[in-house]
Amino acid sequence: MGVATREHAIVGRVRGHFYLDETVEGHARALEAVRGLAARLSDGDLVRVASALMDDDLSVVGKGGHRLVWEGMSRVYAPVGEEERYITPDIDARVARVCDVVGDDLGALAAIERQRHAHFVRAPGVAASRMIAGDDTADASMMIDSDNLAAMRWLMDELEGKVDLIYADPPYNSGERLFRYRDRFSPAAWLTMMRDRLALMARLVAPTGAAAFSINEAYGSELKLLCDEAFGRANFLTALTARVRHEDRVLKGARAYQDVTEQVLLYRGSAAFVPPRRKRPSRDHEYEWGVDVRGGAERVETIEGRRVEFYAPGAFELTRGGAPEGLKRINIRGALREANSSGRFFVAHLERHFGTHRGWLVRVHGMGGDGIGYRDFVIPPEGPRRNADYLQGRPVGRARANELPHANYADFEKDFNRVAGEDGARFRNGKKPVALLRHIMTLTGIDAKPDAVVLDPFAGSGSTAAAVMSLDAETRGGGGSGGGRRFVVIDKGEHLHTVAVARVERLMGDPAQHGRAVRFVALR
């Protein structure tokens, strides 16, 4: 096994568990220490290191040794998302045993990791705080200047299990140099960065809350797996496909395929989350029919234990007027022939009368969920029609009868096309329109929670804050301190001040935001 192979064996495993942050210089020093270790280990040393790390006497030699080191390293450097166990309790004993084999190299690596571990688990302190608007109240919205990993740890005491919606628009790892964030991670670094943060988001979201994540197709499958791990596969709700540009608006002519859509992955906090539903468009105008029986039944039968009355033409009259208690006339064809009890009953027992009872009314008692007590079937008079009808009233005892599930597709092409200058916030590449955020809030029920808490760990241009303010202005007339919805957005860098904070300050000029309190907090 060559040096390059050994280096890949160790670095490839250890790097996947390191706390990666572009501002942490210790990451580079740690990798150098690992490379130095890999360069000097023989195959026999690999086996001895693996044995020390794994508390086991190993006899495996040769090409299998590096796999054992991978497993051993993963036990020493536990997954980053589990901060409290990031360094195992017996690391000192393990390091001492390994150092007997490889000298001080691993000891130097462990010292670096101890320092970074202390930085990782330490909640930051408040370096600066000021009110952007309103009075300094406990329920003020917040704009936090900090690394989002540290900020979410800081928020745990106050918001763990209390956030109604988390929206995250993380770097897509596109490699674009124009992006205001770092957007050039190695795949392993991007996965680790997201895994760390998702672990904290899963702790912050309320059991009745939800989380939404924007992503494109390049890293959509990876993010889905990470979210499944953090939130639980059973809590996956849907992947909303959002149309973001016209197929003829080609941004990069050299690309093989045009990016027309993006995804928003939706997760619930737990099974206690109730997905909101959309109202079915009103069809009151369809309930316009009435039946006026003027004579007695020509014949009465008992079918399937039900009283069935046959009325000849002239013994009844169909009226059409649109009274509130009217009936809806439904043609029995296609799937309706077997989709409900009315269609199945007609096909099984009444359809045979179609040729001999044209123009008749058949009343079947004890059928229907509209509270009328019977279902009327109408066989059309002579003519080209080959299907009968039945008449039903509005369903009763079904509160959700006029509601439909939300679709997992939405067209925001026009909104993305004009997003650049929305609210005067200039933010090239990555800005999301308020319309998309408002739609996500509808899909997750935030528009029905007047006191909801919304968290955005990747604030960017401040679209999430703007969307919360827009929703409050529309539904409550504003009011952070007045019990309105509260936003908490996190970011770091100059654009937080020049774009996001400036945007919120402009929006606070709207009288509808009177009473809202917004605090700026810098963490260090």
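Because the structure is predicted, anything quoted here is derived from the model rather than measured. (Residues numbered from 1 in each chain as written. Predicted model: local features only at pLDDT ≥ 70, side-chain atom pairs only at ≥ 80, totals over all residues. Heavy atoms only, no water.)

Turning our attention to the overall build of the protein. Assigned secondary structure in the protein consists of 15 helices and 20 strands. Looking at the protein residue by residue over its 524 residues, the buried ones come to 49%. Residue pairs at least 24 apart in sequence account for 74% of intrachain contacts in the protein once pairs closer than 6 positions are excluded. (Helix = DSSP H or I, 4+ residues; strand = E, 2+ residues; numbered from the N terminus. Buried < 20%, exposed > 50% of the residue type's maximum accessible area, 1.4 Å probe, protein only. Contact = heavy atoms within 4.5 Å.)

What follows concerns the sheet that holds strand E19 (residues 486-491). Paired through backbone hydrogen bonds, the strands of a sheet run either parallel or antiparallel to each other. Overall, mixed pairing links the 10 strands, which are arranged E1-E20-E2-E19-E18-E3-E4-E6-E5-E17 in an open sheet. At either margin of the open sheet sits one strand with a lone partner, and together these are strand E1 (126-133) and strand E17 (409-411). Strand-to-strand twist across the sheet, computed as the mean angle between neighbouring axes with direction ignored, equals 15 degrees. Sheet topology places E1 next to strand E20 (residues 518-523); six bridges connect them, and they run antiparallel. (Pairing = 2+ DSSP bridges. Axes fitted to C-alpha atoms, helices over the stretch in contact; angles between N-to-C directions.)

Looking now at the confidence of the model for the protein. In this model, the protein carries a mean pLDDT of 79, and residues with pLDDT of at least 70 account for 69%. A low-confidence stretch, residues 1-24 (pLDDT under 50), is modelled with 74 contacts involving residues beyond four sequence positions or located in other chains. This model gives residues 478-483 a pLDDT under 50, and the stretch forms 24 contacts once residues within four places in sequence are excluded. (pLDDT = per-residue confidence, 0-100.)

With the rule as written, the count across this model stands at seven aromatic pairs. Site record: aromatic cluster; members linked through ring pairs are Phe-213, Phe-231, Phe-236 and Tyr-267. Across the ring face of Phe-236, the terminal group of Lys-224 is positioned such that the distance to the ring centre comes to 4.3 Å. It is Arg-299 that lies over the ring of Phe-310; its NZ or CZ is 4.1 Å from the centre. (Phe/Tyr/Trp six-rings, centres within 6.5 Å; stacked < 30°, edge-to-face > 60°. Lys NZ or Arg CZ within 6 Å of the ring centre and 35° of its normal.)

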